[in-house]
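Listed here are the chains, written in short residue letters.
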Amino acid sequence: MRILHTGDIHLDASFADAALPPGLGARCRQSLRDVLAAMLHRAAAWPADAVLIAGDLFAHDRVTRDTVAFLRGAFESIAPIPVFIAPGDRDPFVPTSPYATEAWPANVHVFQRPAWHSHALCDVPLTVHGFAFDGPEPSNSPIGTLAAPRDGRAHVAVGHGSAREALPDGVRPAHPFAARDAAAPGLAYLALGHYPRVARVPGDFATVMYYAGAPEGHGFADTGPRHCLEVEIDPSCGAEAPAVTVRPVPSARLTYGETALDAGGLSGPEELSAALRALADVPDHPQVLRVRLRGACPPAVQRGLAAAQAAAASAFVHLDLIDETTLDAPFGEIAMEDTSLGAFVRRLGEEIKDAPDAARRAMLERARDLGVAAFRGESLPVRGPRDATP
Amino acid sequence: MRIDRVQIAGYGRFHDVALDFAPGLQVVIGPNEQGKTTLRCFIGDMLYGQKRSATRALYDEAHQLRLPWDDPDRYGGTLAYCLDDGRAFEVARNFDKRAESTRVRDLVADRDVTDEFALLANRELNFAHAHLGIGKEVFLGTATISHFSLEDLGDRDALAEIRNKLATLADAGDDTHSADSCLRLLEAHIGAIGRADMRGRPLPEARERLARLQREYEQALLAQRQADDIAAARLEVLERAAAARARKARLEEDARLIGAHERAARLREAAAIQERIDGITQQVFGLGAARDFPLDKTPDLQRAETAANTARQALERTRAELRQLRSQAQGERHQLGATEPLPFQEVPEALESRHAELAAYLQSVRTRIGEIQQLVEAARVRVAEAQKTLGELPDFTRVASDPVEWFTQLASSFSVALRSRDEECALRARLRAEVAERRAALGDLEDLFGGIEHFNAVAREYELSKRQAKDQGVRAESQLHGLQTRADDARERFPGLVLLGVTCGAFVLVLLTTYFVTGNSALLIAAAATGLATAYFAGQLAVTRLQIKGLDREIAAARAAVAEIAAAPGDEIALIEDLLAQSGCQTLRELEAKHDQYREAHARLRASADVLAGQEERAREAEERIPQLLQRYRETFAQVGESIETEADVKEAAGRAIARYQDFRERKRRAHDSRMVWEKHQAELRRLQDAEAQCRERIVKVEEDIRRFMRERGFTDERHHDDLADAIKSYGKRVNRHREQRARVDVLEEKIIALETQAKREEAALERHDTALGALLAQAGVANARAWHAMAEKAREYEALWARRTAAEEQLQAVLRGEDLNALRRQVDADGPLPDPPAGGAESLRRDIEAAAAEIDGLTREAHGLQVRLAEHAAAGRALNEIEEDRAAAARLAGALQRELDATAYAMALIENIATDKHARIAPRLAAIASAHLGEITEGAYTELVLGRDLAVGVKIPGTGHLNEAPEKSLSKGTVDQIYFALRLALVEALGETGESIPMLLDDPFANYDDARLERTMRLLSRIGARCQVLLFTCREDVARAAEAVQAPILRLA
């Protein structure tokens, strides 16, 4: 039996926190739709016996009617392959949810309550269990209450929540549970959602538990490749412990990346352009790339940032250039001089050393760069966000 | 630091050159382009290298400029120096990029100390900075004073420039950017970001955009809440619609039960109708023979029978009428008799009309001939009269081809001659008056200058003589004055000499008396000496007396000479003086001006006299011409009968002659026109007479044709009619009579033919009706019409039974409502035993169902409307996501710009504070040192320089205590240069006060110094050299001489 497992797609989510330029968010949202459509197309071609979506299919507070229409059409296009949706914390099953208000195709089954509900497929000996969030947190935790009957069928479950054993750094837990409680005799596979990357819940359990992760990132916090899971269950090994094979399949169309580039050795904007273009020569380079320029470089390089960014932007969907360079100047030697400039550098050097936080330090370093450049009769370009979306 | 020696392997023009520098002031002299600046640069490069960046190994342009001319591979040298603490070092450099190296050797310890110094980011060894305590920029900017740094001070605002240079040196160590310029740049940077009060700048715009997006976001949130309310309302409506659908389903179930009861009732009714149909079917079988009788053809049979009888009666009537007409036609043919050989025919219309046309034309020609004959006679009379009147006038054709033009020209020429004569005479009179006037105007001047031929030469001579006399007078006066002065001096000295002589004499007498009294011989010596003095003064007195007398004589002679010069005028002078007196002029220039007036007026008079002479001749000629013309015109006008007595008659005679000629010309034209008309009428008369003859011939021919036609048609009586018209009329009557008889026969024959055709048609119709009747009878299988009617009665009875059966079947179908009876029976059987029907009838149920459907429909529409409103809400504005993302981007931009603004403002504030403190701190010390230097250079002319807290330079004006803050407006360029030089020296000294002394490199900074100040400056530099080395590069020998004066060593570059 074949199952396609995904979740955390977050259709219609806002990219405001991703620090993308205006307009790119819409493109990213469209890309998420495309990714879902591609996954469903793959499920139909494989063919999968069922598609499990482990929550957070869309952002409940932002979902549009257009997206709901898209989902209906996409799910209907793979009929009769059943699609099981276990609403999560971002798309809970509430009365105003499209899950409740819209008519879904016959092959779509949305779990509606925070309690296990079972659905046995007719064509294959497979039973799918699932539960739904009925709010940001479920009003009742069904974990530990599932009992898979010994009926000769394969049993899988789908749900949303945070297995404490596999909680990644920086992820806010939702409906936390212990993996031991989630495992159940006779339950071959538990499809989970909430974590951004593919993760297997560690532990020696009869139930195989996986997080499929988001099939595409949602900003520079979600860099690198993304996947959905193709799960194959072989009941011939015995209904009590069927063999489960999980295969991550790359799914992202739009990948995000972030890197640092040392501009200290660069003498001009041409070299900077070449260095940026070289980032695009890497195979499978991220389409949306953030480059943090660091090091001490001459004002000519700082003045040429915009031109270099524009020259290299065509190789990316978006190239975000963050200027964190400092002025290329012998501050130590200048500080030794008995001049106003020397006193200025000395004073700022001391303040930088004693800066209480990174923001204050960055401001003081910038002030030092601006002042020293001005003493040389040079004006540095105004530092700020630059848009370089081709 | 003191630079002791440089050894140049290769650097610019130098190769293999070694130079030793003395401590203190060292002058290096050489002509232009001998390498002074190169040497200065070599020292700087040896100490600090040739990199233009402090952090990168990038060479500045000096690297290429200073490439050795002879051997580029030997690019470098050594420099030896010692520090104030006695340590001595030698730095060896190779500037060649391919083998660049720097080595530092401690000469005291005799070891390589290269590794003891840090290597800078630009790959330069940091020994110079370590030893001097200042960087490259500071060393080159502060310790080097060249003529370039002075030249750009300019003539205006020089002290402001000095202030700026001091500030840049104090602020940045170089002489290009001060804290002020730095603050201006940073201010511009802030301007590029934009403060809150700036419009159109990035930061205020970003903030405005952020606020705008925040408002839009709040509005979008509100819209979303409204959309949520609408969605909730829609949800409620959908629930109500679901309830209505359930109620409708229950009503439909009741309706189904009532329908089952109604179905059973219909089955019972249908069975009864089916039995009735079966009974009627039995009766129909009894009348089966009449079933196929064509009862519907009965009307056709009746119509066929009537038509056959009618056709037979019409045929009999037609045949009777035909027989009657044939008999009548036979009688008419007998009356017409035999016909003519040729049928009568009317005369052809063409011949007849041709004859009429010719007759009418002939008549019109004859009328026209009569009219033309009258016109010819009238024209002949007019021609005769015209010839007669023409002969009464003179023949102008012999006078001229165009007499009008001729007479006009004569009158015009005479008028021109008269006008010319008058104008010439008037001009002559005017010229005469003008000459008289100019001659009168010349009057006084002519008396004054008339007899002098060469006034200008005389005037020049007069002027020369006057100047010579004046010069002689001046010299004589001067001599006289000198003599008087000497005489006065001598007279002034005379009493003094008398007094001295008397005093000395008295003293001698006293001494001699004392000697005689005392016997002291020493008194004799004193008396002798005093006697000598007395003799001297007496001699001087005599000489002075003689001088006075001699001078008095010379003074008298001089006075005589002066009087002689003043009283001895020449001839020219007398003449001019006389003229001056007569003319009343005060000076020769006035007299010359008056003579110029005379000369000009005389020239004008002469020119006017010449013009008048010519005009006199022209006026005389004009006056003589008039009588000649008058005589010739008398003869000419006499030919046309006009006489001329006076000049005024010419014009009138010409007018009359022209009028007479115009009358002659008019009569001649009229005679010619009358003759032409007469000739034209005569030609027309001849043409008409010819036409009349031709027309008569044509009429005769046409008449002959017409008579021949009538004769050929048997009208032989035409010979009895002379008039053709009568003949044609008689021929016409006969033709008409014959034509009437023939027409009557033709009408009868046509009627007979028509009746024969009608009889044939009626026979065919009768046969056709008989055939149709027979066919109908055969179709019904009866022999005749009576049998037909009997069979038709049975057929009608059959049809009535069949109609009753059909009505019963229709009733059955209505009951079954399209269903099959058996199917209905099976349905009723399937319904089984039915419970009692629900209360209320089917109609009530139907109304309830309809009401439920209407409610569902209304709720569906309401839900749809709410859905539309939701869609409108969604489409009304931008999506929250987009607004949120835009807002985040605007916030990021505003934040970044604000941080940039904060950093810039912070840098500005810090720089301003530091620079202000720095300037305030160094200003007093600099002012003190520089004031001392300036006082020495200017030898006390300016002793006090004042530096403000902002380094603004002022100079105290000596003796006044007044502070001059813009002394460049009152000071010389040299003094301004010296102020700057003093300040620069002070700055270098101040820099070296707290650490290592800094060697100064001076490159010809004395361009505007005078010799004295240059000498004093050299003394100053010599004294400063005791504290820090001064290397003075110059091309000027005066500088070298000044340096020699202070015993400064001089190094000459070949």
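Shown above is the structure to which this text applies.
Residues numbered from 1 in each chain as written. Chains lettered and ligands numbered in written order. Predicted model: local features only at pLDDT ≥ 70, side-chain atom pairs only at ≥ 80, totals over all residues. Heavy atoms only, no water.

1. Description of the overall build of chain B
Then, in step 1: For chain B, the helix and strand inventory stands at 24 helices and 14 strands.
Then, in step 2: For chain B, the proportion of its 1054 residues judged to be buried stands at 39%.
Then, in step 3: Residue pairs at least 24 apart in sequence account for 74% of intrachain contacts in chain B once pairs closer than 6 positions are excluded.
Then, in step 4: For chain B, the exposed area adds up to about 58,800 Å²; of that, 52% sits on carbon and sulfur atoms. (Helix = DSSP H or I, 4+ residues; strand = E, 2+ residues; numbered from the N terminus. Buried < 20%, exposed > 50% of the residue type's maximum accessible area, 1.4 Å probe, protein only. Contact = heavy atoms within 4.5 Å. Areas by Shrake-Rupley, 256 points an atom, 1.4 Å probe, with all protein chains shown as cover.)

2. Concerning the nonpolar core
Then, in step 1: Of all hydrophobic cores here, the largest spans 68 residues; its most connected members are Leu57, Phe75, Leu126 and Tyr189 of chain A.
Then, in step 2: By residue number, the principal contributor to this core is helix 1 (residues 24-45) of chain A, which donates 8 residues.
Then, in step 3: By size, the runner-up hydrophobic cluster in this structure holds 63 residues, among which are Val6, Ala128, Val1030 and Ala1042 of chain B. (Core = buried A, V, L, I, M, F, W, Y, C linked by side-chain atoms within 4.5 Å.)

3. Section: the pattern of salt bridges
Then, in step 1: What the rule picks out here adds up to 81 salt bridges over all chains.
Then, in step 2: Close ionic contact of Asp320 of chain A with Arg290 of chain A constitutes a salt bridge, the shortest N to O distance being 2.9 Å. Here Asp320 of chain A is found in strand 18 (residues 318-323), whereas its partner Arg290 of chain A is found in strand 16 (residues 288-294), with 30 residues between them in sequence. With respect to class, Asp320 of chain A is no different from Arg290 of chain A; both count as buried.
Then, in step 3: The closest approach of N and O atoms between Arg878 of chain B and Glu216 of chain B, which form a salt bridge, is 3.0 Å. Here Arg878 of chain B is found in the loop between helix 20 (842-876) and helix 21 (880-937), whereas its partner Glu216 of chain B is found in helix 8 (residues 202-286), with 662 residues between them in sequence.
Then, in step 4: Linked through salt bridges whose partners overlap, the residues forming this network are Arg2, Arg42, Glu230, Glu232 and Arg247 of chain A. (Salt bridge = Lys/Arg side-chain N within 4 Å of Asp/Glu carboxyl O.)

4. Some words on the packing of helix 9 (residues 340-353) of chain A against helix 21 of chain B
Then, in step 1: Look at helix 9 of chain A against helix 21 of chain B: their axes get within 9 Å of each other, and the N-to-C directions meet at 130°. Taken as axis vectors, helix 9 of chain A and helix 21 of chain B run oblique relative to one another. Between helix 9 of chain A and helix 21 of chain B lies a crossing whose hand is right-handed. Across the interface between the two elements, Ser340, Ala343, Phe344, Arg347, Leu348 and Glu351 of chain A of helix 9 of chain A pack against Tyr906, Ala907, Leu910, Ile911, Ile914, Ala915, Lys918 and His919 of chain B of helix 21 of chain B.
Then, in step 2: Residue classes in the contact of helix 9 of chain A with helix 21 of chain B are distributed as 9 nonpolar, 2 polar and 3 charged. (Axes fitted to C-alpha atoms, helices over the stretch in contact; angles between N-to-C directions. Parallel < 35°, antiparallel > 145°, perpendicular 65-115°, else oblique. Left-handed = near helix turned anticlockwise from the far one by under 90°. Nonpolar A, V, L, I, M, F, W, Y, C, P; charged D, E, K, R; others polar.)

5. Brief notes about the pairing of strand 16 of chain A
Residues and elements named next belong to chain A.
Then, in step 1: When you tally the buried positions in strand 16, you get 6 out of 7 residues, the bulk of the element.
Then, in step 2: Direction of pairing for strand 15 (residues 256-262) relative to strand 16: parallel, over a ladder of 7 bridges. Counterpart to Asp262 in the pairing with strand 16 is Arg294.
Then, in step 3: Taken together, strand 15, helix 5 (residues 269-280) and strand 16 form a β-α-β motif whose crossover is right-handed. (Pairing = 2+ DSSP bridges. Right-handed = clockwise from strand over helix to strand, strands pointing away.)

6. Considering the interface of chain B and chain A
Then, in step 1: In this assembly, 52 residues from chain B lie in contact with 60 residues from chain A.
Then, in step 2: Where chain B abuts chain A, roughly 4,300 Å² becomes buried across the two surfaces, and 60% of that area is made up of carbon and sulfur atoms.
Then, in step 3: Ranking the residues of chain B by area buried against chain A places Arg56, Glu885 and Tyr906 of chain B at the top, with a combined share of 14%.
Then, in step 4: Remark: the boundary between chain B and chain A carries 4 salt bridges.
Then, in step 5: In this assembly, chain B and chain A are joined by 16 residue pairs in polar contact (both at pLDDT 80 or more).
Then, in step 6: Contributions of two or more residues to the side of chain B that touches chain A are made by helix 6 (158-172), helix 7 (179-193), helix 8, helix 20 and helix 21 of chain B.
Then, in step 7: Among the elements that make up the side of chain B that touches chain A, the one with the highest residue count is helix 21 of chain B (25 residues). (Buried area = accessible area lost by both parts, 1.4 Å probe. Polar contact = N/O pair within 3.5 Å; in protein donor to acceptor, adjacent residues only side chain to side chain.)

7. Observations concerning the sheet that holds strand 7 (residues 154-160) of chain A
Residue and element names in this part refer to chain A.
Then, in step 1: Taken in spatial order, the 6 strands of this open sheet run 5-6-7-10-12-11, and their pairing is mixed. Looking along the sheet, the strands with just one partner apiece sit at the ends: strand 5 (117-120) and strand 11 (199-200).
Then, in step 2: Relative to strand 10 (residues 187-193), strand 7 is paired through 6 bridges, and the arrangement is parallel. Note that in strand 10 the partner of Val158 across the bridge is Ala191.

8. Topic: the packing of aromatic side chains
Then, in step 1: For the structure on display, the rule yields 27 aromatic pairs over all chains.
Then, in step 2: Consider the rings of Phe407 of chain B and Phe637 of chain B, whose centres lie 5.4 Å apart with planes at 25°: the pair is stacked. Pair noted here: Phe407 of chain B is in helix 11 (residues 403-449) and Phe637 of chain B is in helix 15 (residues 588-638), with a separation of 230 residues, a long-range link. Residues Phe407 of chain B and Phe637 of chain B agree in their burial class; the two are buried.
Then, in step 3: The lysine or arginine in question, Arg368 of chain A, covers the ring of Phe331 of chain A, its NZ or CZ lying 3.8 Å from the ring centre.
Then, in step 4: A cation sits over an aromatic face here: Lys51 of chain B above Tyr59 of chain B, 4.6 Å from the ring centre. (Phe/Tyr/Trp six-rings, centres within 6.5 Å; stacked < 30°, edge-to-face > 60°. Lys NZ or Arg CZ within 6 Å of the ring centre and 35° of its normal.)

9. Focus: the side chain of Asn126 of chain B
Residue and element names in this part refer to chain B.
Then, in step 1: Relative to the helices and strands, Asn126 resides in the loop between strand 7 (111-112) and helix 3 (127-132).
Then, in step 2: A residue is classified by how much of its surface remains accessible, and Asn126, at 15% relative accessible area, is buried.
Then, in step 3: Excluding anything up to four places from it in sequence, Asn126 contacts Phe117, Ala118 and Leu120.

10. Some words on the side chain of His155 of chain A
Residue and element names in this part refer to chain A.
Then, in step 1: Of note, His155 is situated in strand 7.
Then, in step 2: Within polar-contact distance, the side chain of His155 engages the backbone oxygen of Pro149 at 3.2 Å.
Then, in step 3: Here Asp151 takes part through its side chain, which lies 2.8 Å from a polar atom of the side chain of His155.
Then, in step 4: With residues near it in sequence (within four places) discarded, His155 still touches Thr127, His129, Ala148, Pro149, Gly186, Leu187, Ala188 and Tyr189.

11. Some details on the packing of helix 21 of chain B against helix 22 (residues 973-993) of chain B
Residue and element names in this part refer to chain B.
Then, in step 1: The N-to-C vectors of helix 21 and helix 22 enclose an angle of 130°; their axes lie 8 Å apart at closest approach. By the angle between their axes, helix 21 is oblique relative to helix 22. Once helix 21 is placed against helix 22, the crossing between them reads as right-handed. Where helix 21 approaches helix 22, its residues Arg925, Leu926, Ile929, Ala930, His933, Leu934 and Ile937 are matched on the opposing element by Gln978, Ile979, Phe981, Ala982, Leu983, Leu985, Ala986, Leu987, Glu989, Ala990 and Glu993.
Then, in step 2: Taken together, the residues that form the contact of helix 21 with helix 22 break down as 13 nonpolar, 2 polar and 3 charged.

12. Quick word on unusual backbone geometry
All names here are of chain A.
Then, in step 1: Note that the residue after Trp46, namely Pro47, is joined by a cis bond; omega there is 0°.
Then, in step 2: Positionally, Pro47 belongs in the loop between helix 1 and strand 2 (50-53).
Then, in step 3: The residue after Ala79, namely Pro80, is reached through a cis peptide bond having omega 15°.
Then, in step 4: Take Pro80: it is sitting in the loop between helix 2 (65-77) and strand 3 (83-85).
Then, in step 5: Positive phi is not limited to glycine here, since Asp12 has a value of about 65°.
Then, in step 6: Structurally, the position occupied by Asp12 is in the loop between strand 1 (2-6) and helix 1.
Then, in step 7: On the basis of relative accessible area, Asp12 is assigned to the buried category, the value being 8%.

13. Section: the environment of Met908 of chain B
Residues and elements named next belong to chain B.
Then, in step 1: Looking at the element boundaries, Met908 is found in helix 21.
Then, in step 2: A C-alpha to C-alpha distance of 8.4 Å links Met908 and Cys182, two positions 726 residues apart in sequence.
Then, in step 3: Those residues in contact with Met908 that sit more than four places away from it in its chain are Leu183, Leu186, Glu187 and Ile190.

Remember that the coordinates give geometry; whether it matters functionally is a separate question.
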